[in-house]
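Spelled out from the first residue to the last, the chains are:
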Amino acid sequence: METAKLESIARTLVNKGKGILAADESSGTIKKRFDSIKLESTEKNRLFYRHMLFTTEGIRNFISGVILFDETIHQTNQDGVPLHELLSRQGILPGIKVDKGAKEMPGFPGEKITEGLDGLHDRLVNYRDLGARFAKWRSVITIGQDIPTRQCIDANAHGLAIYAALCQEVGLVPIVEPEVLMDGAHDLELCEQVTADTLVSVFSELHHHRVHLEGILLKPNMVISGKTCAKQAQISEVAQATIRCFRRVVPSSVPGIVFLSGGQTPKQATENLNAINAIGTAPWQLSFSYGRALQETTLKTWGGKASNFSKAQEIFYHRSKCTAAARDASYQPVMEDQ
Ligand code: 13P
């Protein structure tokens, strides 16, 4: 294992003032996103949209890496240049989603287990040879009546650890994503408890699978109230609970924590990240790996119309700039109007 190379890639991804764009929506998820703007999810439309994001002038100042989906890493622009190369030419590292999705966990109603370990080694080698520098695997933990179960937490943690070990063996930095979903009426305290339980299991498995922690990034949820909880925690409570939770269970050898947005609005995800960084005492870099929070307003502005191309790029640039500012605790709400 080339540990120095892994560490260097991981550190580059969480460089000051920058974070990750998650543009790795699976075919099903991108269809849902395009449905919201009444656009058919064709290969051509997906290429147009992602090409628009990746060629936005100046995003290299805010975006260190982009997570791609399998289809995207094989696509080229009109001149035959691969999309991943358009990124690397700007100094943005290409990454790749390698899990095969979270599926119903047999015997555990309401819970999911992530698939994709079969043949993973060879797929990773192919992606690395294409130019990927890091990978992502997402597992999902749901809070509800009598769930999550220990079995679900541990089975997902085990999958994440095997994936992470395979990635490091071939020189890819694994982004380890155990997402405790925001869906539900649970309060902040329960989210904190489940997030801690999940991370304890994940780091135990990573340790037992001899994963080099200095060469991974953790991609977790923030500690936040469930979407339908009557009492929504304030920004400062979210920030404090998030840092408290991670301090208790995430080793300081991990170079960076890159949060997912998980259904927060773009502004909420920006304000919370800013407040988390403003606490200022964490041993890890605290950055972002947002999908929806970076793309939602861009997608709406674009609306599937070529005539909105420039305006959509402007919006994407603006959202990236605000989010990158939050990553350094220098976001001001007034930036939203600039
Ligand atoms: P969201 O920021 O939309 O949650 O997406 C991040 C991601 O990559 C989920 O796997």
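Figured I'd write up the structure that's included with this text.

What counts, and at which threshold
- Residues numbered from 1 in each chain as written.
- Predicted model: local features only at pLDDT ≥ 70, side-chain atom pairs only at ≥ 80, totals over all residues.
- Heavy atoms only, no water.
- Helix = DSSP H or I, 4+ residues; strand = E, 2+ residues; numbered from the N terminus.
- Expected span 1.5 Å × (residues − 1).
- Buried < 20%, exposed > 50% of the residue type's maximum accessible area, 1.4 Å probe, protein only.
- Contact = heavy atoms within 4.5 Å.
- Near = heavy atom within 4 Å.
- Polar contact = N/O pair within 3.5 Å; in protein donor to acceptor, adjacent residues only side chain to side chain.
- Areas by Shrake-Rupley, 256 points an atom, 1.4 Å probe, with all protein chains shown as cover.
- Nonpolar A, V, L, I, M, F, W, Y, C, P; charged D, E, K, R; others polar.
- Pairing = 2+ DSSP bridges.
- Axes fitted to C-alpha atoms, helices over the stretch in contact; angles between N-to-C directions.

### Section: helix H9 (residues 235-249)
- With 15 residues, H9 ought to run about 21 Å at 1.5 Å a step, and its terminal C-alpha atoms sit 22 Å apart, in line with that.
- Buried within H9 we find Val-238, Ala-239, Ala-241, Thr-242, Ile-243, Cys-245, Phe-246 and Val-249.
- For H9, the secondary structure elements touched by its buried residues are helix H8 (188-208), strand S9 (256-259), helix H10 (266-279) and strand S10 (285-290).

### Comments concerning the site of the ligand
- Of all residues adjacent to the ligand, which total 13 residues, the nearest are Lys-136, Lys-219, Ser-261, Gly-262 and Arg-292.
- One nitrogen or oxygen atom from the side chain of Glu-177 is found 3.0 Å from an oxygen atom belonging to the ligand.
- Between an oxygen atom of the ligand and a side-chain N or O atom of Arg-292, the distance comes to 2.7 Å.
- Surface burial for the ligand is 91%, taken as the share of its 300 Å² of free accessible area covered by protein chains.
- Within the residue set of the shell around the ligand, elements represented by two or more residues are strand S6 (134-141) and S10.
- Its residues placed into classes, the shell around the ligand shows three nonpolar, four polar and six charged.

### Quick notes on the sheet that holds S9
- Read around the barrel, eight strands follow the order S1-S2-S3-S6-S7-S8-S9-S10 and close on themselves; strand pairing throughout is parallel.
- Of the pairings in the sheet, the one linking S9 to S10 comprises four bridges and is parallel in character. Following the sheet pairing, Gly-256 is matched in S10 by Gln-285.
- Across the face of the sheet, helix H12 (residues 309-327) comes into contact with strand S1 (19-22), strand S2 (63-68) and S10 while running at roughly 155° to S10.

This is a description of form; function is not addressed.
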